[in-house]
Amino acid sequence: MKKTSTRLADGRELIYYDLRDDETRDAVDRRPLDPVTSASEIRQDPLLGDFVAIASHRQTRTYHPPADECPLCPSRDGRSGGTPFGGEIPDDHYDVAVFENRFPSLTGKHGRCEVVCFTDRHDGSFADLTPEQARLVLDAWTDRTAELSRLPGVEQVYCFENRGEEIGVTLGHPHGQIYGYPHATPRTELMLRSLERHREATGGRNLFDDLVAREREDGSRIVLEGEHWTAFVPYSAHWPYEVHLYPRHRVPDLTGLDEAARAEFPGIYLELLRRFDRLFGPEGPYRPGAAAEPPTPYISGWHQAPLSSPLREEFALHLELFTIRRTKGKLKYLAGSESGMSVFINDVPPETAASRLREVASP
């Protein structure tokens, strides 16, 4: 992997990650952009104790542009995004590109937001990448985790992808994001509390280790296993189709993965994504002759340990992948109980979800 860092016209950082060591990156962003002046505010809820980012400048962010005006496509023939000055990436091709978000939710002392472009191809998705390309994205995620973890305003790094208009994606180009939060997220805080309670109740045992061991022993919710990774539908899954992916060797974040786990990850992850895409199409074995649905909308994100937590080394890096589609043509909406009280009601038994995900395995 070759890494090249440069600056966009408004001062934001842009980083290319290339498969070829001899790749040269000398294109210049010539757009007449003013420096980014957006600022977010972090407010704490006095009743719940969690934090809310107030970011009004995001109201003006790019919203569903036509394909020939995509700001994430490379700049060819001196233009991209349908403008004479090009889009966010001034070069005419790239493997993986990461840049500071022009419309960030978190800024300055309140953290950092980055965009990760998985490929320069506008059409397609992460599942269309080759294993070599998927490994490069993993390496980029790892490098950004290390870099953002060194920033003074960052406490936790979250690498994630939203896919599908149903999720709320406003740009169709295959991409994800990285948030460097200035605090541990509420979801992580809940995990840490459960981790500590389990340790106290079991004489020092690790909750993550015991959880994965129980799933492997039971087997009914296992979706996919490799030599270094285990994927399963959790016993109390919140979403109709939800898979958690853990490395066999517990590490707190992506920087802790060894080479064997990194080498196996692309095959495991690409297979999971492709199974998600088969769930609601004609390959779905429980709906013979069904017409193909649009690509499955999903959220996929890496849960990594907060940097200053005393339980950091006890935390287990894992990826959570889920879709809001509960069956063909129907979405799982977060209504009164879920949105109002954070009590989820799942229409698909986790064992059934796991079985269906096994049925749509690649030949």
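Asker: Mind laying out the nonpolar core, listing which residues take part and the relevant values?
Answerer: Inside soluble globular proteins, nonpolar side chains tend to come together where they are buried. Formed by 52 residues in total, the largest nonpolar core has its most connected members in Phe126, Trp141 and Trp302. Among the elements that make up this core, the one with the highest residue count is helix α4 (residues 259-278) (eight residues). Setting aside its immediate chain neighbours within four residues, Trp141 contacts Phe118, Phe126, Cys159, Ile178, Leu254, Phe265, Tyr269 and Trp302.

Asker: Explain the pattern of salt bridges to me, and be specific about the residues and the numbers.
Answerer: Taken as a whole and assessed by the stated rule, the structure comprises 34 salt bridges. For Arg112, the salt bridge is made with Glu100, and the minimal N-O distance between the two is 3.7 Å. Here Glu100 lies in strand β5 (residues 96-100) and Arg112 lies in strand β6 (residues 112-117), a separation of twelve residues in the sequence. Relative accessible area serves as the criterion here: at 19%, Glu100 is assigned to the buried category. Connected via shared salt-bridge partners are Lys3, Arg7, Glu13, Glu100, Arg112, Glu114, Asp143, Arg144, Glu147 and Arg150.

Asker: So what's going on with the packing of aromatic side chains? Which residues, and what values?
Answerer: With the rule as written, the count across this model stands at 19 aromatic pairs. Each ring, one from Phe160 and one from Tyr179, has its centre 5.2 Å from the other, and the planes form 85°; the classification is edge-to-face. With Phe160 in strand β7 (residues 156-163) and Tyr179 in strand β8 (residues 175-181), this residue pair connects regions lying 19 residues apart in the sequence. Its relative accessible area of 8% is what places Phe160 among the buried residues. Given a relative accessible area of 12%, Tyr179 falls into the buried group. Chaining the aromatic ring pairs together yields one cluster made of Phe118, Phe126, Trp141, Trp229, Phe265, Tyr269 and Trp302. Directly above the ring of Tyr16 sits Arg25, whose terminal nitrogen or CZ lies 4.6 Å from the centroid.

Asker: Tell me about the pairing of strand β9 (residues 222-225), residues and numbers included.
Answerer: Every other side chain in a regular strand lies on the same face of the sheet, so the side chains alternate between the two faces. With three bridges joining them, β9 and strand β10 (residues 229-232) adopt antiparallel strand pairing. Residue pairing across strands places Leu224 opposite Ala231, the latter belonging to β10. The hairpin turn running from β9 into β10, its antiparallel successor, is three residues long.

Asker: Give me the side chain of Gln156: which residues, what numbers.
Answerer: Tracing the backbone through its elements, the reader meets Gln156 in strand β7. A distance of 2.9 Å separates a polar atom in the side chain of Gln156 from the backbone nitrogen of Thr185. Separated by 2.8 Å, the side chains of Gln156 and Thr188 make a polar contact. Setting aside residues up to four positions removed in sequence, Gln156 forms contacts with Tyr179, Gly180, Tyr181, His183, Ala184, Thr185, Thr188, Gln304 and Pro306.

Asker: Requested: an account of empty space enclosed by the protein, with residues and values cited.
Answerer: For the coordinates displayed, the defined rule picks out one cavity of 30 Å³ or more. Counted as a void, the largest cavity has a volume near 40 Å³. If you trace the largest cavity, you find it lined by Phe126, Trp141, Cys159, Phe160, Glu161, Tyr269, Ser300, Gly301, Trp302 and Leu319. At the level of secondary structure, the elements contributing two or more residues to the lining of the largest cavity comprise β7 and β12 (298-303). Here the lining of the largest cavity is composed, by residue class, of seven nonpolar, two polar and one charged.

About the cut-offs
- Residues numbered from 1 in each chain as written.
- Predicted model: local features only at pLDDT ≥ 70, side-chain atom pairs only at ≥ 80, totals over all residues.
- Heavy atoms only, no water.
- Core = buried A, V, L, I, M, F, W, Y, C linked by side-chain atoms within 4.5 Å.
- Buried < 20%, exposed > 50% of the residue type's maximum accessible area, 1.4 Å probe, protein only.
- Helix = DSSP H or I, 4+ residues; strand = E, 2+ residues; numbered from the N terminus.
- Contact = heavy atoms within 4.5 Å.
- Salt bridge = Lys/Arg side-chain N within 4 Å of Asp/Glu carboxyl O.
- Phe/Tyr/Trp six-rings, centres within 6.5 Å; stacked < 30°, edge-to-face > 60°.
- Lys NZ or Arg CZ within 6 Å of the ring centre and 35° of its normal.
- Pairing = 2+ DSSP bridges.
- Polar contact = N/O pair within 3.5 Å; in protein donor to acceptor, adjacent residues only side chain to side chain.
- 1 Å grid on protein atoms, 1.4 Å probe; cavity = no way out; pocket = protein on both sides within 12 Å on 5 of 7 lines; lining within 4 Å.
- Points joined across faces, edges and corners; volume = space filled by probe spheres on them.
- Nonpolar A, V, L, I, M, F, W, Y, C, P; charged D, E, K, R; others polar.

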